[in-house]
Amino acid sequence: MEKIWILGIVLFLVITFITWKFFNGFYKKETSNKMRKTWGARMYYWHFILMISGLATTLIICFLKWGNVLTF
């Protein structure tokens with residue numbers, strides 16, 4: 001059971017980093033420097049990044065479970 005938690009956390013962190021790198025340029029291009037420094041703009045940006053990462057992690061773990069790669 002501990003393996004699934006370690007795999008999930010590592011997978012979530014890797015996907016979060018990849019998602020952040022992918023959308024960071026778009027975010028910088030679409031918003032001004034002043035806007036990016038506000039708390040509200042950061043909150044919505046990170047909410048989006050974390051939701052996408054959580055969904056992708058969940059789907060990957062479900063596909064690994066469905067393919068009998070993971071057993072729990």
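Residue positions are given per chain, counting from 1 as you read along its sequence in written order. Confidence filtering applies because this is a predicted model: local features only for residues at pLDDT of at least 70, side-chain atom pairs given and counted only at 80 or more, and all residues used for totals across whole chains, interfaces and linings. Where side-chain values are given, they derive from all heavy atoms of the structure, hydrogens and water being excluded.

1. Describing the environment of Trp5
Secondary structure elements are taken from DSSP: a helix is a run of H or I of four residues or more, a strand is a run of E of two residues or more, and numbering for both begins at the N terminus. Within the element layout of this structure, Trp5 appears in helix 1 (residues 2-30). Residue exposure (1.4 Å probe, protein chains only): buried if accessible area is under 20% of the type maximum, exposed if over 50%, otherwise partly exposed. Since its relative accessible area comes to 57%, Trp5 is described here as exposed. Put simply, Trp5 and Thr38 are 33 residues apart on the chain and 34 Å apart in space, counted from C-alpha to C-alpha.

2. Some details on a nonpolar patch on the surface
The grouping of Ile6, Val10, Val14, Phe17 and Ile18 at the surface amounts to a nonpolar patch, some 480 Å² of accessible area in total. In this fold, Val14 is placed in helix 1. Every patch collects residues that have over 30% relative accessible area and no salt bridge, joining them within 9 Å if they carry like charges and within 5 Å if they are nonpolar side chains (Val, Leu, Ile, Met, Phe, Trp, Tyr). To be clear on the numbers: accessible area is Shrake-Rupley with a 1.4 Å probe, and residue cover counts the displayed protein chains and nothing else. By salt bridge we mean one thing: a side-chain nitrogen of Lys or Arg within 4 Å of a carboxyl oxygen of Asp or Glu.

3. So, the packing of helix 1 against helix 3 (residues 39-66)
Between the N-to-C directions of two axes lies an angle of 0 to 180 degrees, each axis being a line fitted to C-alpha atoms and, for a helix, fitted only over the stretch in contact. Running from N to C, helix 1 and helix 3 cross one another at 135°; their axes reach a closest spacing of 8 Å. Between helix 1 and helix 3, the angle falls in the class oblique. Here helix 1 runs over helix 3; the crossing is right-handed. Here the contact of helix 1 with helix 3 is composed, by residue class, of 19 nonpolar, seven polar and one charged. For classification, angles of less than 35 degrees are called roughly parallel, those exceeding 145 degrees roughly antiparallel, those between 65 and 115 degrees roughly perpendicular, and all remaining angles oblique. In this scheme, a crossing is called left-handed if the near helix is turned counterclockwise away from the far one by less than a right angle; it is called right-handed if the turn is clockwise. Ten residue types, Ala, Val, Leu, Ile, Met, Phe, Trp, Tyr, Cys and Pro, are classed as nonpolar, four, Asp, Glu, Lys and Arg, as charged, and the remainder, Gly among them, as polar.

This is a description of form; function is not addressed.
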